[in-house]
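Read off the chains here:
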Amino acid sequence: MEPDQDPDTDDLPLRANTNHILVRHYVLDLTVHFDRKVIGGNVVLFLEPCSGSGTTAEDHAGAKEGAFQCRPRDVDEQEVSTKGLGETPTGAKKSFSARGRDTPEVRALPGSGSAHTAAESGSSPLSHSWETNSGGEFTLLLDCCDLDVSKVEEVDVTSVSATASLLPHVAPRRSAVPSANPKAAFIQNLISVPSSRWRRQHQLFSLCSRAIGARDGGSLHFHRDRWSLQVRKKGVVSPLDFPRVLRICYETRPTGGSVRWTRDQDNRVCVYTAGSPINNRALFPCQEPPVAMSTWQAAVRAPRECVVLMSGEETTVPVEDGGTRSLIWHYYVTMPMPASTFTLAVGNWHQVTAESPPTLEQGLRDQADCSNVAKLGAGPGELGEADLMSGLGSSISVVKGSPFKTGSRPAAAFCRPQESPATRKAFIFSEWLEGNLDVAGNPLERFCRDQTTSSDSAFSYSSFGDERLSLTDQSGTVDDGMPCSHGDYPCRFTERAARTQRVIPHRVFGPVCLLQKAQMAVLDLLPRCLAAAYHVLGVHPFPRLDVLIVPAGFCSLGMASPHIIFLSQSVLCAGTIGPGEEGPSLCGSRICHEIAHSWFGLVIGARDWTEEWISEGFATYLEDIIWAQAKQLSSQRTADEFDLKALLRWRRLSDELQNSEEQLQILRPHLEHTGQVGESGSSTIKHALNPDKTFMQVHYLKGYFLLRFLASQVGEKSFVNFIRVFVEKYHGQLILSQEFLQMLLVTFPNMERKGLTLGAIYADWLDRPGIPKWLYERNAVWSEARLVEEVKAEVGKWILLSQSPQGKGRKRKRTEPVVNYKEVTSEQLVMLLELLLEEEELSAATLEALQRTYALQNQDAEVKHRWCELVVKHAYTRAYGDVEHFLVHNQAMGVYLYGELMVQEDPEQQALARRCLSLVQEEIDHSARKVVEEMVL
């Protein structure tokens with residue numbers, strides 16, 4: 001075991017040996033089983049050994065827990081996925097044993113020559129045998145936990161590689177390692193296909209993924225410990241000789257940390273990727289380090305009443321899964337991304353439309369109604385005569401009666417040649433690869449990027465320019481000559497259409513009961529926010545966007561992934577729009593925050609995950625700029641709002657730093673070792689599993705203030721323009737703090753002349769806990785800002801009222817003068833309530849007047865949270881119902897409110913905390929529940 005592979009209990013290990021071998025593409029074939037709360041199927045990995053890989057690999061030590069043999073997915077599903085390919089994979093027709101996880105089953109793997117056990121105990125003899133008796137064989141390590149892996153096999157791509165003449169030879173990538181093995185050479189050639197032919201490449205990936213298992217010992221040795229899946233092939237001692245295509249059959253576990261099985265606000269079952277600290281390793285075996293950039297394709301089977309939303313460059317029309325009650329949804333990405341960004345949500349979601357009525361009938365037609373389902377000509381894997389060319393099977397489903405028309409060629413262009421059958425087959429296969437014909441030689445009306453895969457009504461458009469441009473085919477489009485520094489992929493930054501597209505197509509989904517709120521609070525704001533983000537940052541990195549209102553137990557206010565954003569229901573309340581406000585502030589700013597992640601967090605990511613500030617600090621800084629642009633505020637109003645928000649964030653950061661461990665306050669915890677990994681590529685993420693860190697915002701807030709500090713040195717406008725130039729240079733890449741800071745210092749040399757060196761910035765902002773001196777100085781300035789002074793004046797009125805006989809609820813002997821309270825914005829109201837929280841005493845009559853004056857029950861969740869704190873602090877029993885409502889409906893924001901209820905040692909408040917926990921314990925996020933239970937129980 002390498003030194004960095006023995007993490008502390010709150011560190012998360014990244015075990016994948018990415019310095020030896022990389023996954024370049026994943027093909028997932030998954031089925032959602034709501035009855036058992038598992039997702040089952042297989043993932044096919046396309047591997048590329050790294051240049052400089054040694055002839056032997058010693059980084060296979062450290063496996064302390066036993067390997068095992070587990071249940072694969074249902075037999076008939078296994079057969080369907082390979083039917084027509086000549087034979088089924090080895091062992092596919094075996095039945096499954098029903099057994100508990102605590103009872104190991106020992107079974108010999110076909111072709112492996114050894115037995116493996118399901119035990120995951122560090123004392124397992126077989127575990128020790130795996131650890132010590134590798135025989136010098138190379139070990140592939142994948143990040144993996146909470147998965148029942150039933151089989152790992154090499155995929156025989158011989159039948160596909162036989163058509164290599166149809167795949168033009170391309171020069172291998174610079175990092176590629178040449179191979180004399182024809183199958184390996186074919187996969188290397190396939191991986192290296194230029195981006196202009198991405199469609200052909202993906203179809204061949206799909207073909208390979210459906211091929212049979214290798215006959216010569218295709219089932220590989222594998223071993224599972226707590227954090228990894230380890231795979232070997234007998235006699236293979238180098239990554240150069242390791243199989244290039246693997247198929248892993250597995251099932252998730254109901255309690256796996258990567259997905260949440262729950263019920264939505266309509267009490268319908270659903271499942272979604274949780275964005276948990278362990279990322280996607282409990283959804284599929286993968287390489288989690290961000291340097292393992294890959295593309296993927298996925299087919300997901302789900303009950304026909306469900307809608308499947310996923311990271312994917314196009315919307316998809318679901319197709320019927322033969323005679324079953326399931327539909328299949330296909331998604332893909334062509335931009336290499338870390339596996340952690342893969343996102344999935346399956347549930348009874350409904351699309352929000354501009355015409356949604358105030359209330360919906362219970363019989364509202366599901367968005368995935370069968371009337372919108374494209375019909376399959378054959379079930380998955382059922383192949384016709386034309387499919388048997390060179391033993392190949394179709395990787396796509398032929399859709400009959402599809403309403404979507406191709407605009408690429410007239411039908412006459414698909415006339416079959418009159419040459420020999422062999423020539424005809426080659427012609428059909430070539431045209432199929434181009435996406436023009438199905439495998440029978442008929443014009444194909446699906447699976448092409450040059451057509452809309454959804455009717456126009458499925459998307460929302462606006463008047464912000466050429467919104468429909470992203471629906472056209474950009475595969476193979478000649479770029480405008482804009483140089484990119486990243487690897488080869490179909491980049492929107494080089495597409496002429498994308499560079500003028502202010503608003504990308506977008507949709508909003510949610511449960512029926514929230515559609516009206518989502519329409520008012522999200523759908524109406526999205527075009528403005530997208531256009532504003534384009535104005536600030538330039539080209540939208542992704543061609544479309546779905547927004548999903550997730551269940552109440554979601555662990556945060558939002559989460560951004562490629563092509564999809566999860567939003568908490570807490571942002572939906574429009575509240576009372578204050579003077580000068582152009583929309584619900586919490587919802588608008590949160591949407592802008594998540595949209596900003598498209599640039600920082602997704603298309604530009606942190607090479608070392610401990611540098612979270614690169615994602616969250618930038619998104620927090622940019623959300624203010626984008627939201628101000630969306631509201632079209634004047635420069636003075638913008639500056640005023642920025643100062644108010646800065647003061648609110650200063651107060652939050654100051655409070656957090658006073659109540660947290662110093663080691664959790666450092667933005668670059670690895671210091672000068674940031675970005676460094678072990679010999680194999682393995683590393684750890686410090687404090688990733690610390691439950692306190694889950695709810696901390698230091699990376700958001702301290703990172704935001706660092707960017708405000710830098711902007712103050714060069715001017716806000718110049719700094720934002722610099723960020724845009726930085727995006728143009730670094731999009732599609734992973735960075736460390738130093739890349740951004742060094743480019744900034746080179747661009748603005750006067751900064752270094754003033755003593756702002758890279759080392760000074762590290763020392764003041766990134767490598768130390770606490771608050772930098774500049775922040776203390778700016779706090780004094782923000783405290784005297786105009787909007788803050790207005791709040792202070794209002795607070796004074798409330799304090800005077802509380803001290804008056806009227807405020808104390810006494811009978812008045814004479815008429816008191818009427819107090820006129822000034823209207824305030826939602827951020828000002830948050831500040832007002834925070835300042836009132838500093839008062840030792842507020843009477844019940846004052847709290848009642850406060851609630852009535854500002855209609856606090858109708859305000860957004862940020863305001864309600866401060867109101868609930870006031871209620872708890874002053875034991876205002878009449879509003880305990882507000883506290884209960886908040887804790888039930890705003891679970892992501894109420895965690896520490898439980899602590900305030902308990903710390904008062906008021907029996908009624910403690911009973912309230914326990915009652916609220918009992919109401920949400922089945923749906924609250926697991927990490928949040930653990931923290932709350934420690935406080936309450």
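Here, every reference points to the structure presented above.
### A short note on the overall build of the protein
Step number 1: From N to C terminus, the protein includes 27 helices and 27 strands.
Step number 2: Residue burial in the protein is summarised as follows: out of 937 residues, 60% are buried.
Step number 3: Taking all contacts inside the protein whose residues are at least 6 apart in sequence as the whole, residues at least 24 apart take part in 76%.

### Quick word on the sheet that holds strand 11 (residues 259–263)
Step number 1: The strand order across the open sheet built from four strands is 11-12-17-14, with neighbouring strands paired in antiparallel fashion. Edge positions in the open sheet fall to strand 11 and strand 14 (307–310), since each of these has one partner strand only. Averaged over neighbouring strand pairs, the angle between their axes works out to 15 degrees when direction is ignored.
Step number 2: Of the pairings in the sheet, the one linking strand 14 to strand 17 (residues 344–347) comprises four bridges and is antiparallel in character. Across the sheet, Leu309 pairs through a bridge with Ala345, a residue of strand 17.

### Points about the packing of helix 12 (residues 635–658) against helix 20 (residues 786–803)
Step number 1: Put simply, helix 12 and helix 20 touch, their axes get as near as 7 Å, and they point 60 degrees apart. With respect to helix 20, the axis of helix 12 lies oblique. Together, Arg637, Asp640, Glu641, Leu644 and Leu647 of helix 12 and Arg786, Leu787 and Val788 of helix 20 make up the contact between the two elements.
Step number 2: Broken down by class, the residue content of the contact of helix 12 with helix 20 amounts to four nonpolar, no polar and four charged.

### Here's the deal with the state of the cysteines
Step number 1: Counted according to the given criterion, the structure contains zero disulfides.
Step number 2: Lacking any disulfide linkage, Cys529 is separated from the closest cysteine sulfur, that of Cys592, by 3.6 Å.
Step number 3: Cys868 carries a free sulfur, and the closest cysteine sulfur to it, the one in Cys916, is 9.5 Å from it.
Step number 4: Classification of Cys868 by relative accessible area gives buried; the value is 1%.

### Some details on unusual backbone geometry
Step number 1: Phi angles above zero are rare outside glycine, and Asn267 is one such case at about 65 degrees.
Step number 2: On the secondary structure map, Asn267 appears in the loop between strand 11 and strand 12 (269–273).
Step number 3: Judged by relative accessible area, which is 51%, Asn267 ranks as exposed.
Step number 4: Located in the positive-phi region is Gln632, a residue other than glycine, with phi close to 55 degrees.
Step number 5: With respect to the helices, strands and loops of the structure, Gln632 is situated in the loop between helix 11 (613–631) and helix 12.
Step number 6: Taking relative accessible area as the criterion, Gln632 reaches 60% and is therefore assigned exposed.

### Some details on the packing of helix 25 (residues 895–903) against helix 26 (residues 907–920)
Step number 1: Following both chains from N to C, one finds helix 25 and helix 26 inclined at 150 degrees, their axes separated by 7 Å at the closest point. Our classification of the angle between helix 25 and helix 26 gives roughly antiparallel. Read as a crossing pair, helix 25 and helix 26 show a hand that is left-handed. Seen from helix 25, the contacting residues are Tyr898, Glu900, Leu901 and Met902; seen from helix 26, they are Gln909, Gln910, Leu912, Ala913, Arg914, Cys916, Leu917 and Val920.
Step number 2: Residues of the contact of helix 25 with helix 26, tallied by class, amount to eight nonpolar, two polar and two charged.

The rules behind each value
Residues numbered from 1 in each chain as written. Predicted model: local features only at pLDDT ≥ 70, side-chain atom pairs only at ≥ 80, totals over all residues. Heavy atoms only, no water. Helix = DSSP H or I, 4+ residues; strand = E, 2+ residues; numbered from the N terminus. Buried < 20%, exposed > 50% of the residue type's maximum accessible area, 1.4 Å probe, protein only. Contact = heavy atoms within 4.5 Å. Pairing = 2+ DSSP bridges. Axes fitted to C-alpha atoms, helices over the stretch in contact; angles between N-to-C directions. Parallel < 35°, antiparallel > 145°, perpendicular 65-115°, else oblique. Nonpolar A, V, L, I, M, F, W, Y, C, P; charged D, E, K, R; others polar. Disulfide = S-S within 2.5 Å. Left-handed = near helix turned anticlockwise from the far one by under 90°.

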